Amino acid sequence: MKYTGDGFLAEFSCAIEAMRAALQFQNRVDELSIGDAEDKRIRFRVGINIGDVIVEPHDVFGDVVNIAARLESIAEPSGICITSSTYDQVRGELAVEFQDLGEQRFQNIARPIRAYALVREAAGTRKFAMRGRTTAPHLSILVLPFENFGDDCEHDHFVDGVTESLTTDLSRINGSFVIARNTAFTFKGKAINVREVGYELNVRYVLEGSVQRGRKQLRVNVQLIDAESGKHIWAERFEKPFADLFDMQDEIVSRLAQALDAQLVLAEARRAERLRNPDVLDLVFQGFAATYQGPTPEHLSRARRFFERALAIDSQSVGALVGIASVDATIGAYLLTDDRPTHLSAAEKNAIRALSLDPHRALAHRVLGTVYNMTNRSAQGIAACEQALALDRNLADAHAVIGMAKYYLGRAAETEGHILEAFRLSPRDIFAHRWMHFIGAAKIQLGEYADAAFWVGRSVEANPNSPLSHFLLAAALGYQGLVDEAQKAAAAGLALNPGFTIRRLRASQPSDNPMFLAGRERLYAGMRLAGVPEG
């Protein structure tokens, strides 16, 4: 908050929250001054803009602030003016009407700004129309203050820190709408009705949790609740030995944020299945949910159809572009076609296009890292994943892709460490099967076949829909002389990907590193022992 003489500046996490606050503020001011004489009545003007701001200890400034101030100056008394970028984010989400004011030119602002004004309920009335509750925004969530079930009152600071940090990290999920910390903490210590709170704040989900500290252990319980039905969607509990509070808070938040990202996508996809006319985001969520099922031609084809439908509605949907890039990258990475170059090229093109529209989309950088790994550019793959982590420290999959890059660079002994870091952040990740596959591949390159069979066996147990994992398991078992088991593993892989051959694998050649190539020859030999077709 910054005061400016007879006005003030407030910063919000998203456009919808800013708009709600402005509506409530103006309506409340009108209510408080309703009995005042007209010439005594206090009237405020509000301007809203979105964008990046420069934050210093006692100030907030930047072009986005300057434009908001100019909009405030052209608003009617008790009115609200917004930019077109704000309008694009709030239209359809709030039951209010807008009037297009056209392009406005402001002093010291180089380009014209298209402005919109909110319309009053009717001529002669003072209140803005809020015509009942609209459909809650996608990925809208309230993080309730976690409860402290320990005996130590000083532990409250740690528990509140978990809530605050989780609120911040969830707000970084693309497309999310997270109720601000100050609002969430008004519910601290109160018995609440989740459905009533969801209705009041217009959110789809409520997250509640508790932290219990023992002498040596810390236990965290969380529940994700559908605010419309009141039903639990997902619950998780984890325990760990008590250690440094700051480090523990950081790890707890990372784990929860990573898990919730996937669970919210799945929940949104389930909602979308019931819709007759899904919108772009509904289709994007369904597409990603399909990719979570496993890297088979069937699941990936289904995902592609959702992303293509989304792009047909909005050709600049960043989520759909990242999604379809992910599909093509996965097809190339898992050798589901003989035409790998075409799919990997398409993946690279769409990931770069997504980043041109949104340079801060962490998942797009991670997808690009995968493409670089698959096309003999693993050093660039590592850089892309490091950029993804700089944008989203909870993107555990980026650590795993770095581990795979080390494998391609002939440094397979380093792969496991990166994968274990991914598991530290997200022990039950939706892509855990892929990470264990990476370790198995590295172990085969190192000639550690028993360890390879252990890791790839766990990968298959976690998700049996990855054909390449079955083939890796077949090779590892073949080297140990377990021919029957190796042949069964190979048959399972071929059932999922009938077109797979050793020739296709050899043609993929994601690296020319001599250490990698020597390990790849061992992989080919192991697959032959298991009866994988030469092609």
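Residues numbered from 1 in each chain as written. Predicted model: local features only at pLDDT ≥ 70, side-chain atom pairs only at ≥ 80, totals over all residues. Heavy atoms only, no water.

Quick look at helix α16 (residues 432-445)
Across its 14 residues, α16 extends 20 Å between first and last C-alpha, which sits within 8% of the 20 Å expected from 1.5 Å per residue. Of all 14 residues in α16, 14 are buried, a share of seventy percent or more. (Helix = DSSP H or I, 4+ residues; strand = E, 2+ residues; numbered from the N terminus. Expected span 1.5 Å × (residues − 1). Buried < 20%, exposed > 50% of the residue type's maximum accessible area, 1.4 Å probe, protein only.)

What about the pattern of salt bridges?
By the definition in use, this model includes 26 salt bridges. Residue aspartate 338 is joined to arginine 504 by a salt bridge in which the shortest nitrogen-to-oxygen separation is 2.8 Å. With aspartate 338 in the loop between α10 (318-333) and α11 (340-357) and arginine 504 in helix α20 (residues 502-508), this residue pair connects regions lying 166 residues apart in the sequence. Overall, the relative accessible area of 8% leaves arginine 504 in the buried class. Here lysine 443 ties to glutamate 416 by a salt bridge, and the two come within 2.9 Å at their closest N and O atoms. (Salt bridge = Lys/Arg side-chain N within 4 Å of Asp/Glu carboxyl O.)

Things to note about the packing of α10 against helix α12 (residues 362-374)
Where α10 meets α12, the closest approach of the two axes is 10 Å, and the angle between their N-to-C directions is 25°. With respect to their mutual orientation, α10 and α12 come out roughly parallel. In this structure, the crossing between α10 and α12 has a hand that is left-handed. In this structure, α10 contributes Val322, Ala325, Ser326, Ala329 and Ala333 to the contact, and α12 contributes Leu363, Ala364, Arg366, Val367, Thr370, Val371 and Met374. Looking at side-chain class alone, the contact of α10 with α12 contains nine nonpolar, two polar and one charged residues. (Axes fitted to C-alpha atoms, helices over the stretch in contact; angles between N-to-C directions. Parallel < 35°, antiparallel > 145°, perpendicular 65-115°, else oblique. Left-handed = near helix turned anticlockwise from the far one by under 90°. Contact = heavy atoms within 4.5 Å. Nonpolar A, V, L, I, M, F, W, Y, C, P; charged D, E, K, R; others polar.)

Notes on the sheet that holds strand β8 (residues 113-118)
If you walk across this open sheet you meet the four strands as β3-β6-β8-β7, and the pairing is mixed. Strand pairing shows two members of the sheet lacking a second neighbour, β3 (46-48) and β7 (98-104), which therefore form its edges. Going across the sheet, the axis of each strand differs from the next one's by a mean of 25°, ignoring polarity. Here β3 pairs with strand β6 (residues 80-83) via three bridges, running parallel. Bridge pairing in β6 places valine 46 opposite isoleucine 80. (Pairing = 2+ DSSP bridges.)

Considerations on the nonpolar core
Ranked by internal contacts, the top residues of the largest apolar core, which has 115 residues, are Phe146, Leu166, Leu170, Leu207 and Met527. Considering every element that reaches this core, the biggest residue donor is helix α7 (residues 245-273), with 12 residues. Leucine 170 has contacts with Ile141, Val143, Ser176, Val178, Ala257 and Leu260, leaving out every residue within four places of it along the chain. Core analysis: the second largest hydrophobic core is formed by 30 residues, Leu23, Leu118, Ile179 and Val197 among them. (Core = buried A, V, L, I, M, F, W, Y, C linked by side-chain atoms within 4.5 Å.)

Quick look at helix α2 (residues 63-74)
Compared with the 16 Å implied by 1.5 Å per residue over 12 residues, the 17 Å span of α2 between its first and last C-alpha is a close match. Every buried residue of α2 is accounted for by Val64, Val65, Ile67, Ala68 and Leu71. In a view along the axis of α2, the buried residues occupy a sector of 165°, so they form one face of it. (Arc of directions from axis to C-beta.)

Let's talk about the packing of aromatic side chains
Taken as a whole and assessed by the stated rule, the structure comprises 12 aromatic pairs. Pairing phenylalanine 454 with tryptophan 455 gives two aromatic rings, centres 5.5 Å apart and planes at 75°, and the pair type is edge-to-face. Taken together, the ring pairs connect Tyr87, Phe98 and Tyr116 into an aromatic cluster. (Phe/Tyr/Trp six-rings, centres within 6.5 Å; stacked < 30°, edge-to-face > 60°.)

Some details on the pairing of strand β13 (residues 217-226)
Burial analysis of β13 places seven of its 10 residues in the buried class, which makes it a mostly covered element. When strand β12 (residues 205-213) meets β13, the two strands line up antiparallel, connected through nine bridges. If you follow glutamine 212 over to β13, its bridge partner there is arginine 219. In this sheet, strand β14 (residues 232-241) lies alongside β13 in antiparallel orientation, the contact comprising nine bridges. Each bridged residue has a counterpart across the sheet, and for asparagine 221 the counterpart in β14 is arginine 237.

Quick look at the environment of proline 359
Mapping proline 359 onto the fold places it in the loop between α11 and α12. Judged by its relative accessible area of 48%, proline 359 falls in the partly exposed class. When the C-alpha positions of proline 359 and asparagine 66 are compared, they lie 24 Å apart, and in sequence the two are 293 residues distant. Each residue touching proline 359, except ones within four places of it in the same chain, is listed here: His365 and Leu391.

Considerations on the packing of helix α17 (residues 449-462) against helix α18 (residues 467-479)
The geometry of α17 relative to α18 is characterised by a closest axis approach of 9 Å and an angle of 150° between their N-to-C directions. One element, α17, and the other, α18, form an angle in the roughly antiparallel class. Crossing of α17 against α18: the hand is left-handed. Residues Tyr449, Ala452, Ala453, Val456, Gly457, Ser459 and Val460 of α17 touch α18, and the partners they reach there are Ser469, His470, Leu472, Leu473, Ala476, Leu477 and Tyr479. Of the residues that constitute the contact of α17 with α18, the class distribution is 10 nonpolar, four polar and no charged.

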